[in-house]
Amino acid sequence: MPTETSSGPAGELRLLAVHAHPDDEASKGAATMASYAASGVRVMVATCTGGERGDVLNPAAAGIPAAKRDLAGLRRSEMAASQAALGIEHRWLGFMDSGLPEGDPLPDLPAGCFALRPLETAAAPLVKLVREFRPHVIISYDENGGYPHPDHIMAHKVAVEAFHAAGDPAKYPGTGAPWEPQKLYYDRGFNPERFRALHEALIQAGLDSPYAERLAAWLETDTEGNQPPAPLHPTTTQVECGEFFPLRDKALKAHRTQVDPDGFFFAVSTDLQKQVWPWEDYSLIESRVPATVPETDLFAGIR
């Protein structure tokens with residue numbers, strides 16, 4: 001590890017999470033980030049787009065005048081509140097939300113949106129940020145974007161590009177001095193094993209499970225009895241962060257246009273979640289330091 005950098009003293013650890021829209025940071029890895037921030041790690045979220053083409057998903061927020069007049073501006077203020085709840089740093093990368101196309105056939109994506117940008121154009125601001133912030137660890141989505149939203153898939157692509165390119169002085173000239181991150185992880189916020197464990201705990205307690213339908217879809221076989229394919233990347237790393245679930249929930253509720261406080265994310269009590277699955281799950285994809293899995297620390301091998 002370098003003895004000193006432009007962004008911090010010797011021994012400082014830095015974590016960068018790359019997300020597509022404001023609210024993604026609250027629903028994927030938020031307790032992990034709050035936990036590390038509380039321990040003295042510098043944690044930053046890079047948000048690729050402003051979520052301009054999103055919808056108001058919380059029925060209680062439908063009557064907010066700003067939600068119709070200036071959703072992008074309102075989502076910026078929501079992001080600021082989420083950032084404050086988690087105790088992290090934040091940067092906007094400045095791209096235009098691509099929207100989630102619907103219909104058959106699917107409509108074309110809007111011109112100029114994030115998902116249609118050439119990779120080098122889309123990755124350049126993130127490479128610049130990596131060279132400035134100098135993270136030791138980068139977290140992103142898998143190749144499917146966690147779920148197949150075009151902005152999530154592009155966020156995955158630019159994060160992987162930045163991980164590989166930021167340390168190469170020949171690439172992205174004019175974006176700062178090279179910096180080579182040490183580890184790349186994919187978030188497993190929608191880990192089926194977690195939902196299954198919570199589902200079984202609820203059933204055993206005689207409570208209704210909000211996960212039954214989702215699990216049934218995951219376990220459904222085709223007409224020949226074939227199970228769906230295994231996840232692309234297994235869990236290698238579990239960060240214990242149950243004590244920070246309340247801060248995660250506070251960050252989620254800060255996104256009041258996107259998150260229903262009576263909805264899916266809050267269907268299971270925090271206490272039960274802490275008892276059954278007090279971790280957040282990740283796949284270690286690449287490491288430039290010796291790494292042995294399973295891990296309990298994203299900085300294993302770096303500290």
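Attention in this report is confined to the structure presented alongside it. (Residues numbered from 1 in each chain as written. Predicted model: local features only at pLDDT ≥ 70, side-chain atom pairs only at ≥ 80, totals over all residues. Heavy atoms only, no water.)

The subject of this paragraph is the overall build of the protein chain. Along its length, the protein chain carries 10 helices and 7 strands. The long-range fraction of contacts in the protein chain, counting pairs at least 24 apart against all pairs at least 6 apart in sequence, stands at 78%. Of the roughly 14,200 Å² that the protein chain leaves accessible, carbon and sulfur atoms contribute 53%. Side-chain charges in the protein chain split into 27 positive and 41 negative, and the spacing between the mean points of these groups amounts to 7 Å. (Helix = DSSP H or I, 4+ residues; strand = E, 2+ residues; numbered from the N terminus. Contact = heavy atoms within 4.5 Å. Areas by Shrake-Rupley, 256 points an atom, 1.4 Å probe, with all protein chains shown as cover. Lys, Arg positive; Asp, Glu negative; His and termini not counted. Charge placed at Lys NZ, Arg CZ, Asp CG, Glu CD.)

Three or four residues apart is the spacing at which side chains of an α-helix point the same way, because the helix has 3.6 residues per turn. Look at helix H5 (residues 119-133): 21 Å from first C-alpha to last across 15 residues, which is about the 21 Å you get at 1.5 Å a residue. Within H5, burial applies to Ala122, Ala123, Leu126, Val127, Leu129, Val130, Arg131 and Phe133. The inward-facing, buried residues of H5 abut strand E1 (14-19), strand E2 (42-49), strand E3 (89-95), strand E4 (137-140) and helix H6 (150-165). (Expected span 1.5 Å × (residues − 1). Buried < 20%, exposed > 50% of the residue type's maximum accessible area, 1.4 Å probe, protein only.)

So, about the pattern of salt bridges. A complete count under the given rule lists 12 salt bridges for this structure. Here glutamate 180 ties to arginine 288 by a salt bridge, and the two come within 3.7 Å at their closest N and O atoms. With glutamate 180 in the loop between H6 and strand E5 (183-187) and arginine 288 in the segment after strand E7 (279-287), the pair connects residues that are 108 residues apart, well separated along the chain. Shared partners join several salt bridges into a network, and the residues in it are Glu12, Arg14, Arg42 and Glu89. (Salt bridge = Lys/Arg side-chain N within 4 Å of Asp/Glu carboxyl O.)

Moving on: the side chain of arginine 188. Secondary-structure assignment places arginine 188 in the loop between E5 and helix H7 (192-204). There is a polar contact of 2.6 Å between the side chain of arginine 188 and the side chain of threonine 235. (Polar contact = N/O pair within 3.5 Å; in protein donor to acceptor, adjacent residues only side chain to side chain.)

A word on H7. Taking 1.5 Å of rise per residue, 13 residues should cover 18 Å, and H7 covers 18 Å from first to last C-alpha, within 8% of that figure. Turning to H7, its buried residues are Pro192, Arg194, Phe195, Ala197, Leu198, His199, Ala201 and Leu202. By the N-cap criterion, in which a side-chain oxygen at the helix start approaches the backbone nitrogen of a residue two or three places on, H7 is capped by asparagine 191, the distance to glutamate 193 being 3.0 Å. Remark: glycine 206 follows H7 within two positions and exhibits a positive phi of approximately 75 degrees.

Strand order in the open sheet formed by 7 strands is E3-E2-E1-E4-E5-E7-E6, with mixed pairing between adjacent strands. Looking at the sheet topology across the chains shown, the edges are occupied by E3 and strand E6 (237-240). Along the sheet, successive strands turn relative to each other by an average axial angle of 25 degrees, direction set aside. Sheet topology note: the E4/E5 ladder contains 4 bridges and is parallel. Looking across to E5, one finds that isoleucine 139 is bridged to tyrosine 185. Along the sheet, helix H4 (residues 71-86) contacts E2 and E3; its crossing angle with E3, the most-contacted strand, is approximately 155 degrees. (Pairing = 2+ DSSP bridges. Axes fitted to C-alpha atoms, helices over the stretch in contact; angles between N-to-C directions.)

A word on the nonpolar core. Ranked by size, the top nonpolar core spans 31 residues in total, and within it Leu16, Phe114, Leu126, Leu129, Val130 and Val158 carry the most contacts. Those elements that provide at least two residues to this core are E1, E2, E3, H5, H6 and E5. Leucine 129 has contacts with Leu16, Met44, Ala46, Arg91, Leu93 and Arg134, leaving out every residue within four places of it along the chain. With 29 residues, the next largest nonpolar core counts Ala17, Ile88, Ile139 and Ala251 among its residues. (Core = buried A, V, L, I, M, F, W, Y, C linked by side-chain atoms within 4.5 Å.)

Let's shift gears to the packing of H5 against H6. Look at H5 against H6: their axes get within 8 Å of each other, and the N-to-C directions meet at 55 degrees. Relative to H6, the element H5 lies oblique. Considering how the two elements wind past one another, H5 and H6 form a crossing that is right-handed. Of the residues in H6, those in contact with Leu119, Ala122, Ala123, Leu126, Val127, Val130 and Arg131 of H5 are Met154, Lys157, Val158, Ala159, Glu161, Ala162 and Ala165. When the residues that make up the contact of H5 with H6 are grouped by side-chain class, the tally is 11 nonpolar, no polar and 3 charged. (Parallel < 35°, antiparallel > 145°, perpendicular 65-115°, else oblique. Left-handed = near helix turned anticlockwise from the far one by under 90°. Nonpolar A, V, L, I, M, F, W, Y, C, P; charged D, E, K, R; others polar.)

Attention shifts here to the state of the cysteines. Disulfide: a covalent bond connecting the sulfur atoms of a pair of cysteines. In this structure the tally under the stated criterion is 0 disulfides. Looking at cysteine 48, it has no disulfide partner, and the nearest cysteine sulfur is the one in cysteine 113, 13 Å off. Residue classification places cysteine 48 among the buried residues on the basis of a relative accessible area of 0%. Since its relative accessible area comes to 0%, cysteine 113 is described here as buried. (Disulfide = S-S within 2.5 Å.)

What follows deals with unusual backbone geometry. Of note, the bond from aspartate 104 into proline 105 is cis; its omega dihedral lies within 30 degrees of zero at 5 degrees. Along the chain, proline 105 turns up in the loop between E3 and H5. With an omega dihedral of 5 degrees, the bond running from valine 293 to proline 294 counts as a cis peptide bond. Relative to the elements of secondary structure, proline 294 occurs in the segment after E7. Positive phi outside glycine occurs at arginine 134, with the angle close to 60 degrees. Its location among the elements puts arginine 134 in the loop between H5 and E4.

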